[in-house]
Amino acid sequence: MQGIERIYCDVCINALIGAWRELMEASGGETLRKVPYGKGDTLGATLGLDAIPEITIAGRIKEFDQHAIFITEELDSQVQRRWPTDSDPIKQPLMFFCDPTDRSIQLEKFFDKLSKEDPAAKVGQLLAACEPEKLWEEMFEAPASITAPTGAITCVRKGEVVFSVVLGYITGVVYVASDAGIFSYKLKSFSDNSNETLSLTEIIRKGRALGFPSCRLLGFSPDECRRFVTFLGKTGYRENLNDSELFPKEVKVDDYVHHREPPGPPRTLYLSELQSEHGPVGFILCNGEKIGEWMHWLAFVKYAKNEDGGQALRAFEISLERPWTKYGMLMSTSLPYSIFARSGERAYLDISRLRNFERPSQFRCMMAVVRHDNERIIHVLQQHQYREVTHYF
C-alpha cells in the first residue's frame, strides 16, 4: 500500500474500535432500545446495537475526510448524488463500504440474555464477567471467531480493493486483509485507551498471521470439497442456488450445506485455519446477497496466501441465464451489469455502475470463493462458464 493508503487503513481500524468501544460502554438496555435512526427495519425504528456503531464509524470517517464516499444501508441515499459518473477508475473517488453491525438479529438475542438480570450494566462489564465466546457458541454456533457479530469496512480506491478491516464485537478481535497479508489481533480491555492508537503496523508486528490451507493440506475428500456455506434463510435464495446448477438435480444440496444463515463480511474465514477444527468447508457462496455482505471478501481473496505462498483463494462470478430478483434487484449479474470490468488489459471494479441504482447498497451478486486447489468445484464452475474474477479487484 502507498503511505496514504496505510493512513486510510489506520483510520478504519480506529473507526471500528471506536464503534466496539461505544457498544461496550453502552448498557444492555440501551443497545436493545429502539431509536428513530435511519430507515429502520421495524416501524421506522432501529435498535441501539445497530445505530451506535454506524453513527460512530460514520463520524470518524467523515472527520478524517468529509469528501470520501461512505456507504452503508442507512446512509447510501445521502451519498448517491455524489456517486462517481466516470467509468475510468483513476477518476473515481475514495470509497468506504461498511457493514456496521452484521448478525444484528442474533446479537439482539445475545444482549437480551446477557443483560436480563441487570439492564443498566455496561455490555463490556457483562462480557468480562462471563465467557462470551462460549455463551455465543452455546446459543448459536462455533467458532465464535467466525460466527459472532462484526463490523466491517472495505476501502476501494481507483478501481481496486485496498484493504478490509473486520472487528468481532463479542470476541474483540480485529482482522485486517491488506497487501502485507491477513492478520488477526486481540484487543485489550474495552476500557484500555491504548486500543485507540492501534495501527496496521502494530497489528502486523504483534498480531497473528492467518493461513488459508489448501484442500490437499487438509486432506479433504471429494465430498468434503463440496461442502459450503451460503445464505438460504429467506424466500428466493433456495431457488437462486438451484438454478446455478452447482449441484446436479439428483444431489441433495442440504447434505453439503455447512451453514445456511452465516455471517456476511467474515465469511471467507470459513476457508481459514480458524475453521479447521469445526468441520470441512470447501467453498463459500454469495447467493444473490447485498454488496455490504460480500464486498469485504474481496480483500481476503486478493491477499490470502496458501502454505506455498501462492494465491490461496479464487473467486468466480455466477451469472444465471434467467436471474431471480429480490426487491427489484438482480440476484446474479451478467457481464453488462457486473461491477467486475475490463478495459483493454486492465481489470478493475467499476463502482460507477452502481450510480444507476436508487439504493446502491442494495446491489446484489452471486459469487463463489473456493480454495485454490478445490478441483471438485472449480471444474463445475468452469463447465458452466462462470467467469473467474480473482484478478479484477
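Attention in this report is confined to the structure presented alongside it.

1. Here we look at the overall build of the chain
- Scanning the chain from terminus to terminus reveals 15 helices and 19 strands.
- On C-alpha atoms alone, the chain measures out to a radius of gyration of 20 Å, which is about the 21 Å that the 2.2 N^0.38 rule sets for 393 residues.
- Sequence separation of 24 or more characterises 73% of the internal contacts of the chain that already satisfy a separation of 6 or more.
- Here the chain contributes 47 positive and 54 negative side-chain charges, whose respective centroids are spaced 2 Å apart.

2. Concerning the environment of Ile153
- With respect to the helices and strands, the residue Ile153 is situated in strand 5 (residues 150–157).
- When its relative accessible area of 0% is taken as the criterion, Ile153 is described as buried.
- The residues contacting Ile153, other than those within four sequence positions of it, are Cys12, Ala15, Leu16, Ile57, Phe96, Phe97, Cys98, Phe163, Ser164, Val165 and His296.

3. Some details on the sheet that holds strand 5
- In space, the seven strands of this open sheet follow the order 3-4-5-6-7-8-9, with mixed pairing throughout. Looking at which strands have only one partner, the edges of the open sheet turn out to be strand 3 (69–71) and strand 9 (208–209).

4. Here's the deal with the pattern of salt bridges
- Counted by the stated rule, this structure contains 20 salt bridges.
- Note that Glu141 is salt-bridged to Arg103, the shortest N-O span being 2.7 Å. With a gap of 38 residues between them, Glu141 in the loop between helix 7 (132–139) and helix 8 (144–147) and Arg103 in the loop between strand 4 (95–102) and helix 5 (104–114) connect regions that are remote in the sequence.
- Linking Asp254 and Arg260 is a salt bridge whose minimum nitrogen-to-oxygen distance equals 3.5 Å.
- Under the relative-accessibility criterion, Asp254 is labelled partly exposed at 38%.
- Take Arg260: its relative accessible area is 33%, and that puts it in the partly exposed class.
- Shared partners join several salt bridges into a network, and the residues in it are Arg216, Glu307, Asp308 and Asp373.

5. Points about the packing of aromatic side chains
- One pass over the full model with this rule turns up twelve aromatic pairs.
- Relative to Phe283, the ring of Phe228 has its centre 5.0 Å away and its plane inclined at 5°; by these criteria the two rings are stacked. Taken together, the residues span a long stretch of sequence, with Phe228 in strand 10 (residues 228–229) and Phe283 in strand 12 (residues 283–290) at a distance of 55 residues.
- Residue classification places Phe283 among the buried positions, given a relative accessible area of 1%.
- Members of the aromatic cluster, each reached through a chain of ring pairs, are Phe110, Phe111, Trp136 and Phe140.

6. A word on the layout of surface pockets
- In this structure, the second largest pocket encloses a volume near 240 Å³.
- If you go around the second largest pocket, you meet 16 residues; those closest to its centre are Trp20, Leu127, Ala128, Ile170 and Lys186.
- Among the elements that take part in the lining of the second largest pocket, helix 6 (residues 123–128) stands out by supplying three residues, more than any other.
- Broken down by class, the residue content of the lining of the second largest pocket amounts to nine nonpolar, four polar and three charged.

7. Looking at the pairing of strand 12
- Most of strand 12 sits out of view: seven of its eight residues are buried.
- Inspection of the sheet shows strand 10 paired to strand 12 by two bridges, in the parallel sense. What sits directly across from Val229, in strand 12, is Ile284.
- Judged from the seven bridges that link them, strand 12 and strand 18 (residues 364–371) form a sheet pairing that is antiparallel. For Ile284, the partnering residue across the bridge sits in strand 18 and is Val369.

8. A look at the side chain of Glu317
- By secondary structure assignment, the location of Glu317 is in strand 13 (residues 313–317).
- Judged by its relative accessible area of 2%, Glu317 falls in the buried class.
- At a separation of 2.8 Å, a polar atom in the side chain of Glu317 contacts the side chain of Ser338.
- Beyond its immediate chain neighbours, meaning those up to four positions away, Glu317 contacts Thr333, Ser338, Phe340, Cys365, Met366, Met367, Tyr386, Arg387 and Val389.

9. What to know about the sheet that holds strand 18
- With mixed pairing, six strands are arranged side by side in an open sheet as 11-10-12-18-13-19. Each of the sheet's edge strands pairs with one partner strand only, and the pair in question is strand 11 (257–259) and strand 19 (387–388).
- Where strand 13 lies against strand 18, five bridges are found, and the strand directions are antiparallel. Residue Leu313 lies in a different strand from strand 18, and its bridge partner there is Arg371.

10. Topic: the packing of helix 1 (residues 3–25) against helix 3 (residues 48–64)
- Running from N to C, helix 1 and helix 3 point in directions that differ by 150°, and their axes come no closer than 8 Å. What the angle tells us is that helix 1 and helix 3 run roughly antiparallel. Seen along the crossing, helix 1 lies across helix 3 with a hand that is right-handed. Across from Ile7, Tyr8, Val11, Cys12, Asn14, Ala15, Leu16, Gly18, Ala19, Glu22 and Leu23 in helix 1, the residues of helix 3 making contact are Leu49, Ile52, Pro53, Thr56, Ile57, Arg60, Ile61 and Phe64.

Reading the values: the criteria
Residues numbered from 1 in each chain as written. Predicted model: local features only at pLDDT ≥ 70, side-chain atom pairs only at ≥ 80, totals over all residues. Heavy atoms only, no water. Helix = DSSP H or I, 4+ residues; strand = E, 2+ residues; numbered from the N terminus. Rg over C-alpha atoms; globule rule 2.2 N^0.38 Å. Contact = heavy atoms within 4.5 Å. Lys, Arg positive; Asp, Glu negative; His and termini not counted. Charge placed at Lys NZ, Arg CZ, Asp CG, Glu CD. Buried < 20%, exposed > 50% of the residue type's maximum accessible area, 1.4 Å probe, protein only. Pairing = 2+ DSSP bridges. Salt bridge = Lys/Arg side-chain N within 4 Å of Asp/Glu carboxyl O. Phe/Tyr/Trp six-rings, centres within 6.5 Å; stacked < 30°, edge-to-face > 60°. 1 Å grid on protein atoms, 1.4 Å probe; cavity = no way out; pocket = protein on both sides within 12 Å on 5 of 7 lines; lining within 4 Å. Points joined across faces, edges and corners; volume = space filled by probe spheres on them. Nonpolar A, V, L, I, M, F, W, Y, C, P; charged D, E, K, R; others polar. Polar contact = N/O pair within 3.5 Å; in protein donor to acceptor, adjacent residues only side chain to side chain. Axes fitted to C-alpha atoms, helices over the stretch in contact; angles between N-to-C directions. Parallel < 35°, antiparallel > 145°, perpendicular 65-115°, else oblique. Left-handed = near helix turned anticlockwise from the far one by under 90°.

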